[in-house]
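# Architecture and fold: a report
Next come the chains, spelled out residue by residue.
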Amino acid sequence: MPAAGNKHRRTILILSGSFVLLLVVGVLGVCYGSSSISPIDLWALMAGGETKGSAGTAQAIIVNIRLPRVLGAVLAGAALAVAGAIIQAVLNNPLASPNIIGVNTGAGVAVLITAALFPALGYLLPVAAFVGALAAALIILAISVGGGVSKLTLVLAGIAISTVFTAGMNTILIVYPDAYVGSGTFLVGGLSGLTLHKLLGPAGYIIVALVLALFQGRTLNIITLGDVTAQSLGMRVALRRFFLIVLAAMLAGAAVSFAGLLGFVGLIVPHVVRFMLGSDNRLVLPASALIGASFVTLCDLLARVVFAPYELPVGILMAFIGGPFFILLIVRYRRSNFE
Amino acid sequence: MIEARNIAFTYNHAPFIEGFSHVFDTGSIATIVGPNGCGKSTVVKLLTRHLKPQAGAVLLDGENSEHFGTRALARKVALLAQNTHVPNMEVEQLVQCGRFPHQTFAAPVSREDTRIVSEALEMTGAKPFRHKNVKNLSGGERQKVFLAMALAQDADIIVLDEPTAYLDIHACYDVMQLVCRLNEQLGKTIIMVLHDLQLALEYSHEIVVMQGGSILASGNSEEVIASHAIEDAFRISLRRFWEDGHPYYSFSTQATAHK
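Values in this document were obtained by computation on a predicted structure and should not be read as measured data.

Time to look at the sheet that holds strand β1 (residues 2–11) of chain B. Each strand in a sheet pairs with its neighbour through backbone hydrogen bonds, running either in the same direction (parallel) or in the opposite one (antiparallel). Residue and element names in this part refer to chain B. One open sheet holds the 4 strands; their spatial order is β2-β1-β4-β5, and the pairing between them is antiparallel. Where the open sheet ends on each side, the last strands, each with one partner, are β2 (14–24) and β5 (63–64). Here β1 pairs with strand β4 (residues 55–60) via 5 bridges, running antiparallel. Along β4, the bridge assignment pairs Ile-2 with Leu-60.

The subject of this paragraph is helix α1 (residues 40–47) of chain B. All names here are of chain B. In terms of residue burial, α1 counts as a mostly covered element, since 6 of its 8 residues are buried. Of all the residues in α1, the buried ones are Lys-40, Thr-42, Val-43, Val-44, Leu-46 and Leu-47. Looking at the residues trailing α1, positive phi occurs at Arg-49, about 65°.

This part is about the interface of chain A and chain B. Contacts between the two partners involve 26 residues from chain A, matched on the other side by 33 residues from chain B. In total, chain A and chain B occlude about 2400 Å² of area from one another, counting both sides; carbon and sulfur atoms represent 56% of this. Looking at the side of chain A facing chain B, the largest losses of area belong to Arg-218, Leu-225 and Leu-233 of chain A, adding up to 26% of the total buried there. Summed over the shared surface of chain A and chain B, the number is 1 salt bridge. There are 11 residue pairs in polar contact (both at pLDDT 80 or more) connecting chain A and chain B. Listed by contribution, the elements that provide at least two residues to the side of chain A that touches chain B are α1 (2–31), α9 (217–223), α10 (227–232) and α13 (281–305) of chain A. With 4 residues, the single largest contributor to the side of chain A that touches chain B is α10 of chain A. Taken together, the residues of the side of chain A that touches chain B sort by class into 9 nonpolar, 11 polar and 6 charged.

The subject of this paragraph is the pairing of strand β11 (residues 237–243) of chain B. All names here are of chain B. Here 7 bridges tie β11 to strand β12 (residues 246–252), and the two strands are oriented antiparallel to one another. Its bridge partner being in β12, Glu-243 is matched across the sheet by His-246. Linking two consecutive strands that pair antiparallel, namely β11 and β12, is a turn of 2 residues; a positive phi of about 55° is found at Asp-244 within it.

Per-residue confidence for chain B averages 92 on the pLDDT scale, and 98% of its residues sit at or above 70. Note on the complex model: pTM 0.88, ipTM 0.89.

Moving on to the sheet that holds strand β10 (residues 214–219) of chain B. All names here are of chain B. The strand order across the open sheet built from 6 strands is β6-β7-β8-β3-β9-β10, with neighbouring strands paired in mixed fashion. Unpaired on one side and paired on the other, β6 (77–80) and β10 mark the two borders of the sheet. Pairwise comparison of adjacent strand axes, ignoring direction, gives a mean angle of 15° for this sheet. When strand β7 (residues 157–161) meets strand β8 (residues 189–193), the two strands line up parallel, connected through 5 bridges. Each residue of the ladder has a partner; that of Ile-158, found in β8, is Ile-190. In this fold helix α5 (residues 139–152) packs onto β6 and β7, with an angle of close to 165° to the strand it touches most, β6.

Time to look at the domain arrangement of chain B. Residue and element names in this part refer to chain B. Along its sequence, chain B is carved into domain 1 (1–76 + 156–259) and domain 2 (85–154). Averaged C-alpha coordinates put domain 1 and domain 2 at centres separated by 25 Å. Domain 1 puts 20 residues into the contact, and the matching count from domain 2 is 15 residues. Of all residues in domain 1, Arg-71, Arg-75 and Leu-178 bury the most surface against domain 2, accounting for 35% of the area lost on that side. Inspection of the domain 1/domain 2 interface yields 2 salt bridges.

For the rest of this paragraph, the subject is the pairing of β8 of chain B. All names here are of chain B. Most of β8 sits out of view: 5 of its 5 residues are buried. Here β8 shows no split at all, with Thr-189, Ile-191 and Val-193 on one side and Ile-190 and Met-192 on the other all buried. Looking at chain direction, strand β3 (residues 29–33) and β8 are connected through 4 bridges and run parallel. Residue Ile-32 lies in a different strand from β8, and its bridge partner there is Val-193. In this region the chain leaves β7, passes through helix α6 (residues 169–186) and returns to the parallel neighbour β8; the handedness of that crossover is right-handed.

Residue and element names in this part refer to chain A. A full pass over the atoms with the stated rule returns 15 salt bridges over all chains. Notably, a salt bridge pairs Arg-282 with Asp-280, separated by 2.7 Å at the nearest N-O pair. A relative accessible area of 10% means that Asp-280 is categorised as buried. Among the ionic contacts, a cluster of salt bridges with common partners joins Arg-69, Asp-300, Arg-304 and Glu-311.

Turning our eyes to something else, we now look at empty space enclosed by the protein. Per the stated rule, a full pass over the model turns up 2 cavities of 30 Å³ or more. Looking at the largest cavity, its volume works out to about 80 Å³. If you trace the largest cavity, you find it lined by Gln-231, Ser-232 and Gly-234 of chain A together with Thr-48, Arg-49, His-50, Thr-70, Leu-73, Ala-74 and Val-77 of chain B. Those elements that place two or more of their residues in the lining of the largest cavity are α10 of chain A together with α2 (70–76) of chain B. Ranked by residues supplied to the lining of the largest cavity, first place goes to α2 of chain B with 3 residues. Here the residues of the lining of the largest cavity are counted per class, giving 3 nonpolar, 6 polar and 1 charged. If you add up the space inside the second largest cavity, you get close to 70 Å³. Partitioning the lining of the second largest cavity into residue classes produces 3 nonpolar, 4 polar and 2 charged.

All names here are of chain B. Under the criterion given, the structure shown has 4 aromatic pairs over all chains. Relative to Tyr-11, the ring of Phe-9 lies with its centre 5.0 Å away and its plane at 85°, an arrangement referred to as edge-to-face. You can call Phe-9 buried: its relative accessible area is 7%. When its relative accessible area of 35% is taken as the criterion, Tyr-11 is described as partly exposed. Put simply, the rings of Phe-9, Tyr-11 and Phe-16 pair up and form one aromatic cluster.

Calculation criteria
Sequence order as written defines the numbering, with residues in each chain counted from 1. The naming scheme follows written order: chains are lettered A onward, ligands numbered 1 onward. The predicted origin of the model limits local features to residues at a pLDDT of at least 70 and limits the giving and counting of side-chain atom pairs to 80 or more, whereas totals for whole chains, interfaces and linings rest on all residues. As a rule here, side-chain values come from all non-hydrogen atoms in the structure, and water together with hydrogens is ignored. Any two strands with at least two DSSP bridges between them are considered paired. In this text, helices come from DSSP runs of H or I with a minimum length of four residues, and strands from runs of E with a minimum of two, each type numbered from the N-terminal end. Burial classes follow relative accessibility: with a 1.4 Å probe on protein chains only, a residue under 20% of its type's maximum area counts as buried, one over 50% as exposed, and anything between as partly exposed. Contact criterion: two residues are considered in contact whenever any of their non-hydrogen atoms come within 4.5 Å of each other. Two parts placed together each lose some accessible area under a 1.4 Å probe, and adding up what both lose gives the buried area. For salt bridges, the criterion is a side-chain nitrogen of Lys or Arg within 4 Å of an Asp or Glu carboxyl oxygen. Any pair of nitrogen or oxygen atoms within 3.5 Å is treated as a polar contact; in protein, a donor-acceptor pairing is required on top of that, and neighbouring residues in sequence qualify only through side-chain atoms on both sides. Under the scheme applied, nonpolar residues are Ala, Val, Leu, Ile, Met, Phe, Trp, Tyr, Cys and Pro; charged residues are Asp, Glu, Lys and Arg; polar residues are all the others, including Gly. The pLDDT value tells you how sure the predictor is about a given residue, anywhere from 0 up to 100. Axes here refer to lines fitted to C-alpha atoms; in helices the fit is confined to the stretch in contact. Angles between the N-to-C directions go from 0 to 180 degrees. Each domain span listed reflects an automatic or database assignment of domains. When the strands point away from the viewer and the connection leading from the first strand across the helix to the second strand turns clockwise, the crossover is called right-handed. Within this scheme a cavity is a closed region of a 1 Å grid, computed over the protein atoms alone, that accommodates a 1.4 Å probe without allowing it to escape, whereas a pocket is open but has protein on both sides within 12 Å along at least five of seven lines; lining residues each have an atom within 4 Å of a point. Grid points are joined across faces, edges and corners, and a volume is the space filled by probe spheres set on the points. Each Phe, Tyr or Trp ring (for Trp, its six-membered ring) is paired with any other whose centre lies within 6.5 Å, and the angle between the two planes then decides the class: stacked below 30 degrees, edge-to-face above 60, tilted in between.

If you want it as structure tokens, here you go:
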């Protein structure tokens, strides 16, 4: 009983700590950047204090630039991390994540096609991203479910699919160079220029998909037992797997539609969460949402302040972290029972 | 009661299971034996609806199993499959998975779930390592844990496909004694596939001998031995001898004695 009690306390501590971390990085993200205000001044502004002169400028920066950006980081981080946790469980592959298996690039190519061919229909971008993400995810699922495919082969297939989609995006940007404003940032993943208006649609998709996803922990636990056992436990496996892939595509697609091709969140965060909390997906999903949100918000803050007054797209910083992490994972799993 | 009524199944247009009919009595331990490729595992998949028979039907308490919903079926029949994937999760978490067919969407784990999981861990002797990762257990411990999950499923019928595969002899007997306890103390109907004829003859109330996709003979160990079906199916000779009132069996590949 003491072991169970300790574990329970540890879980509560980690979940509440993740929530506090998110609040702290969120406040810091709003306060600091190329021009900064202290958290105390932020509090004064929020409390309805002085808004003229420099304070008025600060308020404008916060409301029009920082707040959408931090909200975007929170939503994209939570969405991509949860999508990664779902994809890893559904494919039973610890190396799978939205960017590795081509889901992000699938969403990206769909966004650019829509932006190029229907420039007036910007509100359709999240839907297009969802369709692109879903198409890529279903291709990978078909390869995976066909059987006889090793985990590493699946990752290679994902990389091949991703390469094709990336070529597609580059082709679109050559043929329609003005298709997407800030396409350079989009291709590496970034949150600059994000407005509340632009965020509203994808936020709706993400919130709905997150709420649904957070109830899927038990289902994911069963799916990781394999098809035969899952079915004998009363699960309609193919249907559930399809539903989960749709959820992951909704999350990843909506995030890509405003944050671009942010990589590695969906790979790193679920692994860190499992390291801290174990592999129970009932905990992995909410913790991934919280830590994914904190991670992207923190990386975006660092990308803004480390090279100030210059600013890196957050995707570049995440690639610097994610690339070595991915290699580490491959080495680790090759040493253990990866196949 | 589970009954296979004249079921047939075809692999790649070639008949594999033909005219398989058998009633597995409630509360008994029935073991299906037969040489490799005779269709034992296919019968298990047909009984548990992992495969659909092309002819005939599987009846559960007299009703066609096709008429049951997926969860309703899981509340009646639990399957411990061969070569089950070993998940990266704690023992207790795995056993909790057994409650899935009794839980509704998003409903929290109930007190009854907790009680049944705890009892399953106790009954199978898995309680001492309930916080260990399943991947870190020995083969015998893993089988106990999967049996605990099947037990938590609270189904009247438990189907075990090769539950002793890859286990050392001590673990084999451990698992078989546990199977007997589930049958005797909880009244579970057990249907097993076993390759080990010694274990099959020792622990089963009924043995079903298969050959070429159909039943060669069935009955208790006395009847099956008397019918020479095991010798014919496996092309071996079987000798039984007694010591301290306990039957022992020896097998050899020499020409069968009865021919």
